[in-house]
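Residue strings, one per chain:
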Amino acid sequence: TAALSALLLIVAVTSGCSSRSRELQPGSYRAVLELPGGELPFGLDVAREEAGLVLYLVNGEERVRVTEVEVTEGQLTAKMPGFENTLTARIRGRKLEGEVSLLRAGGERQVLPLRAERGQAWRFFETPLTDNADVAGRWAVTFTADDGRTSMGVGEFAQSFERVTGTILTPTGDHRFLAGEVRGDELYLSRFDGASAYLYRAKMDESGDLDGEYWSGKTGHQRFHAERNPDAV
């Protein structure tokens, strides 16, 4: 009958939509990890190449290619290149919900909640401000750990309007390809490259110095003070 035909058509369409909503759609996603210090955003590009689906972790100009990608029954599983770190997420149409598992020294695993949405290109803030502080240049940075110990670093930032990219040089390694923005007198930077999860937040004071906090993964935390210094080493 006509009623039965209409019902079957609705079921078929609904079934097709449900199936499609469990497929990983190519495109650019705004991904966010949850750290104790707040949201760590990064770009997540999904591409369909000859060998199959690949992911790109995007931080400024950095694009880390992830080739070990599987999608089974609405579940995305990706192994980060060169590390025993994994990204897993349930596919819900244009959204992903899951976690990133990072293997730390001593065999401990840190699990960071993850969510992502396709079609969003912004990083920290959807609508930028037009009157923002200038943080471009070289900075002498003093880190203070939670136990009071201090260490030195050098910040190098490039800025175009509100967008900021750069690095923090430390005695133990460089926090390369940080990306983010300035919003008023506040600086926000982040990076997730499959191995490290960095989040920086700072505020410029009246003298032009930066005071802020830095988080690495689930347990790393330090406060920092930065002074503009073109000769910082």
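Only a predicted model underlies this, so the values are computations on that prediction, with no experimental measurement involved.

Engineer: Before we move on, could you go through the overall build of the chain and cite the residues and values that matter?
Structural biologist: Tallying secondary structure elements over the chain gives one helix and 17 strands in all. Dimensions of the chain, computed from the C-alpha atoms along their principal axes, are close to 80 × 45 × 35 Å. Counting all 233 residues of the chain, 41% fall into the buried class. Considering only contacts in the chain between residues 6 or more positions apart, those separated by 24 or more positions represent 41%. Only carbon and sulfur atoms are counted for the fraction: they give 51% of the accessible area of the chain, which is about 12,500 Å². Side chains of the chain carry 27 positive and 35 negative charges; the gap between the two charge centres is 7 Å.

Engineer: Lay out the nonpolar core in plain terms, naming residues and giving numbers.
Structural biologist: Within the largest apolar cluster, 33 residues are counted, with the highest numbers of intra-cluster contacts made by Leu24, Leu33, Phe42, Leu96 and Phe192. With residues up to four places along the chain from it excluded, the contact list for leucine 33 reads Gly38, Glu39, Leu40, Phe42, Val100, Leu112, Pro113, Leu114, Phe192 and Ala197. Core analysis: the second largest hydrophobic core is formed by 20 residues, Ala133, Val164, Leu210 and Tyr214 among them.

Engineer: Which residues make up the environment of phenylalanine 192, and what values do they have?
Structural biologist: In this fold, phenylalanine 192 is placed in strand E14 (residues 186–192). Between the alpha carbons of phenylalanine 192 and alanine 179 there is a distance of 9.9 Å; along the sequence they are 13 residues apart. Residues contacting phenylalanine 192, with those up to four places away along its chain left out, are Leu33, Leu40, Phe42, Leu57, Asn59, Met80, Val100, Leu102 and Ala197.

Engineer: Tell me about the side chain of glutamate 62, residues and numbers included.
Structural biologist: Turning to its location among the elements, glutamate 62 is positioned in strand E4 (residues 62–66). Residues within four places of glutamate 62 in sequence aside, it is in contact with Leu57, Phe177, Arg191 and Asp193.

Engineer: Which residues make up the packing of aromatic side chains, and what values go with them?
Structural biologist: Across all of its chains, the model carries eight aromatic pairs by this definition. Both rings, one in tyrosine 200 and one in tyrosine 214, keep their centres 4.6 Å apart while their planes meet at 25°; by these two values the pair is stacked. In this pair, tyrosine 200 is assigned in strand E15 (residues 197–204) and tyrosine 214 in strand E16 (residues 210–216), connecting sequence segments 14 residues apart. Across the pair, tyrosine 214 and tyrosine 200 agree in class, each one buried. An aromatic cluster is present here, built from Phe143, Tyr198, Tyr200, Tyr214 and Phe224 joined pairwise through their rings. The ring of tyrosine 56 is capped by arginine 63, whose NZ or CZ atom sits 4.5 Å from the centre of that ring. Over the ring of phenylalanine 125 we find arginine 183, and its NZ or CZ is 4.4 Å from the ring centre.

Rules and cut-offs
Residues numbered from 1 in each chain as written. Predicted model: local features only at pLDDT ≥ 70, side-chain atom pairs only at ≥ 80, totals over all residues. Heavy atoms only, no water. Helix = DSSP H or I, 4+ residues; strand = E, 2+ residues; numbered from the N terminus. Buried < 20%, exposed > 50% of the residue type's maximum accessible area, 1.4 Å probe, protein only. Contact = heavy atoms within 4.5 Å. Areas by Shrake-Rupley, 256 points an atom, 1.4 Å probe, with all protein chains shown as cover. Lys, Arg positive; Asp, Glu negative; His and termini not counted. Charge placed at Lys NZ, Arg CZ, Asp CG, Glu CD. Core = buried A, V, L, I, M, F, W, Y, C linked by side-chain atoms within 4.5 Å. Phe/Tyr/Trp six-rings, centres within 6.5 Å; stacked < 30°, edge-to-face > 60°. Lys NZ or Arg CZ within 6 Å of the ring centre and 35° of its normal.

In short, shape yes, function no, at least from these values alone.
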